[in-house]
Amino acid sequence: MADSFSKKENFKKKQQKQKEKALRREERKENNDKGKSLDEMFMYVDANGQLTSTPPDNDERVEIDLDNIQLGAAPIEAEEALKTGIVTFLSEKGYGFITEDKTKENIFFHNNNCIDPIKKGNKVSFEKEKSPKGFSATEIRLVK
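Criteria and cut-off values
- Residues numbered from 1 in each chain as written.
- Predicted model: local features only at pLDDT ≥ 70, side-chain atom pairs only at ≥ 80, totals over all residues.
- Heavy atoms only, no water.
- Helix = DSSP H or I, 4+ residues; strand = E, 2+ residues; numbered from the N terminus.
- Rg over C-alpha atoms; globule rule 2.2 N^0.38 Å.
- Buried < 20%, exposed > 50% of the residue type's maximum accessible area, 1.4 Å probe, protein only.
- Contact = heavy atoms within 4.5 Å.
- Lys, Arg positive; Asp, Glu negative; His and termini not counted.
- Charge placed at Lys NZ, Arg CZ, Asp CG, Glu CD.
- Patch = residues over 30% accessible without salt bridge, like charges linked within 9 Å, V, L, I, M, F, W, Y side chains within 5 Å.
- Areas by Shrake-Rupley, 256 points an atom, 1.4 Å probe, with all protein chains shown as cover.
- Salt bridge = Lys/Arg side-chain N within 4 Å of Asp/Glu carboxyl O.
- Core = buried A, V, L, I, M, F, W, Y, C linked by side-chain atoms within 4.5 Å.
- Pairing = 2+ DSSP bridges.

When helices and strands are tallied, the chain shows 2 helices and 7 strands. Reading the chain from its N end, one meets helices and strands in the order α-α-β-β-β-β-β-β-β. For a compact globule of 144 residues, the expected C-alpha radius of gyration is about 15 Å, and the chain comes in at 38 Å, more than 25% above that figure. Considered along the principal axes of its C-alpha atoms, the chain spans approximately 110 × 65 × 20 Å. By residue count, 15% of the 144 residues in the chain fall in the buried class. A fraction of 39% describes how many contacts in the chain between residues 6 or more apart in sequence connect residues 24 or more apart. Here the chain holds 27 positive side-chain charges and 27 negative ones, and the gap between their average locations is 14 Å.

Right under this line is the structure:
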């Protein structure tokens, strides 16, 4: 049984595409620049932090101590445990707020955490503690 006209045309198109693909493959092989000119691909950093294509002179090189390189986030510095502030609000129900001297942040406290009896306007020292609703003051003492 003979092939139809469309089958012959499709077969011709398929063969033409294969020839074009083979030609493109050969062109890529001939024009491949990978690994031929590595010197052009290297970049150097000069003393000013600029990228250059010339390597630095040996006398310009700076030795870097590997122990001084910090990877990751900066370490968290420890806060001093004892803070000072002024009692700005004191409720009859037994709680109040202290305004911290350095940060001017209001910190909640309860009379149960007071070692000395305090009044509004007193200068106090305290320790700051994280609670479920924010920071709260503990170990509250009067500063004389």
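With that settled, the discussion passes to the environment of Ile98. Within the secondary structure layout, Ile98 lies in strand 4 (residues 95-100). Once the C-alpha coordinates of Ile98 and Glu129 are considered, the two residues, 31 residues apart in sequence, prove to be 13 Å apart. For Ile98, the residues in contact, after removing those within four places along its chain, are Gly85, Ile86, Val87, Glu105, Asn106, Ile107, Phe109, Val124, Phe126, Ala137 and Ile140.

On to a positive patch on the surface, then. Residues Lys21, Arg24, Arg25, Arg28 and Lys29 make up a contiguous surface patch of positive charge. Looking at the secondary structure, you find Arg28 in helix 1 (residues 5-30).

Below, the discussion takes up the nonpolar core. Counting 10 residues, the largest nonpolar core is built from Val87, Ile98, Ile107, Phe109, Cys114, Ile118, Val124, Phe126, Ala137 and Ile140. Of all the secondary structure elements, the ones that give two or more residues to this core are strand 5 (106-110), strand 6 (123-131) and strand 7 (134-142).

Here the focus is the environment of Ile69. As for its position among the elements, Ile69 is in the loop between strand 2 (51-52) and strand 3 (82-90). The exposure class of Ile69 is partly exposed, given its relative accessible area of 46%. Residues Ile69 and Lys13, spaced 56 residues apart in sequence, show a C-alpha to C-alpha distance of 62 Å.

Another aspect to go through is the pairing of strand 3. Strand direction decides the pairing type here: strand 3 and strand 6, joined by 5 bridges, are antiparallel. Within the sheet, the bridge partner assigned to Ile86 lies in strand 6 and is Lys123. Sheet topology note: the strand 3/strand 4 ladder contains 5 bridges and is antiparallel. Among the inter-strand pairings, Leu90 is bridged to a residue of strand 4, identified as Gly96. Here strand 3 hands over to strand 4 after 4 residues, with Gly94 in that stretch at a positive phi of 110°.

Residues Val62, Ile64, Leu66, Ile69 and Leu71 make up a contiguous nonpolar surface patch of about 620 Å² in total accessible area. Structurally, Leu71 is set in the loop between strand 2 and strand 3. Residue Leu71 is classed as exposed on the basis of its relative accessible area, which comes to 77%.

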